[in-house]
Amino acid sequence: MTDSAEYDSFVGVDVGGTNIKVGWVRDDGRVLAKAVISTDEAPDPQRAIRKIMDVIGDWICSSKFPVRAIGLGTPGPLDLRTGRVLDPVNLPNWGHFSIRDELAAASGRPVTFSNDANAAAFGEFWLGAGRDCDSLVLLTLGTGVGTGIVLENRLITGATGHAAECGHCTVDFSRDAPMCGCGQRGHLEACCSATAVSNFANYEALRCPTGRLGKVLAARRKVTALDVCHAAEAGDDAALAIVDQTAEFLIRGIVNLAFTLDPQRILLGGAMDFGGEATATGRRFIGTIREGIAARVFSQIAASLTVDYASLGSAAGWIGAAGLAKRDYDSGLFSK
């Protein structure tokens, strides 16, 4: 830290299929600023970098809180060694682009590159619901299921950077198990994502057109996970059955993670949380998961493991990316 500076600071960038979220964080964790860039305004990585620089240019010029490094999280698959995004499904124009090095060149700052789910997990570990523990797993329930693992204070990335792809572990071995977007059946993502909940709900609506979900389908031509949450809050038995089924599949996946990793905390993040602790359905959902895990793991694991909702919401990715940049800077990976 320079004599004239009060704090070092770090920028976090979270690239998503809909938005690019950017934030400026002091090294003590205080958020200084944040912004959202629509990917419609940045349909390719070159324009995305220009838009990011439009936002962070003034931050980088700060003498009070000098920006030491930038953290960047993107959807996978990616190549951590070369800093390239490979073939992201939701970013069709980004394939095989050297996003890390191009952002570093544009900003004049070193860039830490990571998978977006890993960055979110690190965000919860640094400043969120996992800040008081040294081992956690974050399951991000959204259109798919993302996972990030911090074990004994270290983010786990694996030999090729593809560790923690737990959304593709198998939790339903039946012949007619739901099909995952990757082409395999019965994956956690195929059973517990918002997409899966919507698919189950639309099937139920077709099966029972006079029920509450059936009426939603008739009015809107599609039943969403949010519709299921609203119906469950109103006491609809079919919707509550879908909530419980989703919890059961999650229990299967989490039990395997608990036996494999023995973490202190499992966190559920993402938009598909049935309202979280704020709703009766969200409380039922996580309560069912807690009870199911406790009944299926060793008592020693159950005694030390807590299951909670994540606390940072959509900010977890850019906060975690900034935290990873801070980690690398503090460790001396970048020349100071």
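Rules and cut-offs
- Residues numbered from 1 in each chain as written.
- Predicted model: local features only at pLDDT ≥ 70, side-chain atom pairs only at ≥ 80, totals over all residues.
- Heavy atoms only, no water.
- Helix = DSSP H or I, 4+ residues; strand = E, 2+ residues; numbered from the N terminus.
- Rg over C-alpha atoms; globule rule 2.2 N^0.38 Å.
- Buried < 20%, exposed > 50% of the residue type's maximum accessible area, 1.4 Å probe, protein only.
- Contact = heavy atoms within 4.5 Å.
- Areas by Shrake-Rupley, 256 points an atom, 1.4 Å probe, with all protein chains shown as cover.
- Lys, Arg positive; Asp, Glu negative; His and termini not counted.
- Charge placed at Lys NZ, Arg CZ, Asp CG, Glu CD.
- Core = buried A, V, L, I, M, F, W, Y, C linked by side-chain atoms within 4.5 Å.
- Pairing = 2+ DSSP bridges.
- Axes fitted to C-alpha atoms, helices over the stretch in contact; angles between N-to-C directions.
- Salt bridge = Lys/Arg side-chain N within 4 Å of Asp/Glu carboxyl O.
- Phe/Tyr/Trp six-rings, centres within 6.5 Å; stacked < 30°, edge-to-face > 60°.

Colleague: Describe the overall build of the protein, and please don't skip the residues or the numbers.
Modeller: Counting secondary structure elements, the protein contains 11 helices and 12 strands. For the protein, the C-alpha radius of gyration of 21 Å lies close to 20 Å, the compact-globule estimate for 336 residues. Once the C-alpha set of the protein is aligned to its principal axes, its extents read approximately 65 × 45 × 35 Å. Of all 336 residues assigned to the protein, the portion counted as buried reaches 52%. For the protein, the proportion of contacts with a sequence separation of at least 24, taken over those separated by at least 6, is 60%. In the form shown here, the protein has an accessible surface area of approximately 15,300 Å², with 49% of it arising from carbon and sulfur atoms. Of the charged side chains in the protein, 32 are positive and 38 negative; the average position of the first set lies 3 Å away from that of the second.

Colleague: Could you give an account of the nonpolar core, naming the residues involved and the relevant values?
Modeller: Counting 49 residues, the largest nonpolar core has Leu139, Val228, Phe285, Ile289 and Ile293 as the members making the most contacts within it. With 13 residues, the top contributor of residues to this core is helix α8 (residues 237-261). Excluding residues within four positions of it along the chain, Ile293 makes contact with Ile251, Ile254, Val255, Leu305 and Val307. Within the second largest apolar cluster, 28 residues are counted, among which are Val13, Met53, Phe65 and Val85.

Colleague: Account for the side chain of Thr147, naming residues and giving values.
Modeller: By the secondary structure assignment, Thr147 is in strand β9 (residues 145-151). Relative accessible area serves as the criterion here: at 3%, Thr147 is assigned to the buried category. Residues contacting Thr147, with those up to four places away along its chain left out, are Ala117, Asn118, Val137, Leu138, Leu139, Ala164, Cys166 and Gly167.

Colleague: I'd like a description of the sheet that holds strand β11 (residues 265-269), backed by residues and values.
Modeller: Strand order in the open sheet formed by five strands is β10-β9-β8-β11-β12, and the pairing between neighbours is mixed. With partners counted over all chains shown, the strands left at the sheet margins are β10 (154-155) and β12 (306-309), one partner each. Pairing of β11 with β12, which is carried by four bridges, proceeds in the parallel orientation. Across the sheet, residue Ile266 finds its bridge partner in β12, namely Val307. Across the sheet, helix α9 (residues 280-296) is in contact with β8 (136-141), β11 and β12; its angle to β12 comes to roughly 160 degrees.

Colleague: Describe the pattern of salt bridges, and please don't skip the residues or the numbers.
Modeller: Summed over the entire model, instances satisfying the criterion amount to 17 salt bridges. Asp8 is the salt-bridge partner of Arg68, the closest N and O atoms lying 2.7 Å from each other. On the criterion of sequence distance, the pair formed by Arg68 in strand β4 (residues 67-74) and Asp8 in the segment before β1 (9-15) is long-range, its members being 60 residues apart. Judged by its relative accessible area of 6%, Asp8 is buried. With its nearest N and O atoms 2.6 Å apart, the salt bridge here joins Arg26 to Asp28. Of the residues examined, Asp28 reaches a relative accessible area of 41% and is grouped as partly exposed. A cluster of three or more residues bridged by salt bridges with shared partners is formed by Glu248, Arg252 and Arg296.

Colleague: Let's hear about the sheet that holds strand β2 (residues 19-26): which residues, and what values?
Modeller: One open sheet holds the five strands; their spatial order is β3-β2-β1-β4-β7, and the pairing between them is mixed. Sheet topology places β3 (31-38) and β7 (111-115) at the edges, where each strand pairs with a single neighbour. The sheet shows a mean angle of 15 degrees between the axes of neighbouring strands, taken without regard to direction. Sheet topology places β1 next to β2; seven bridges connect them, and they run antiparallel. Bridge pairing in β2 places Val11 opposite Trp24.

Colleague: Describe in detail the packing of aromatic side chains, supporting the description with residues and values.
Modeller: Tallied over the entire structure, the rule returns seven aromatic pairs. Ring centres of Trp24 and Trp59 lie 5.6 Å apart, and the angle between their planes is 10 degrees; this geometry places the pair in the stacked category. With a gap of 35 residues between them, Trp24 in strand β2 and Trp59 in helix α1 (residues 45-60) connect regions that are remote in the sequence. Under the relative-accessibility criterion, Trp59 is labelled buried at 9%. An angle of 55 degrees between the planes, with centres 5.5 Å apart, marks the rings of Phe122 and Phe125 as tilted.

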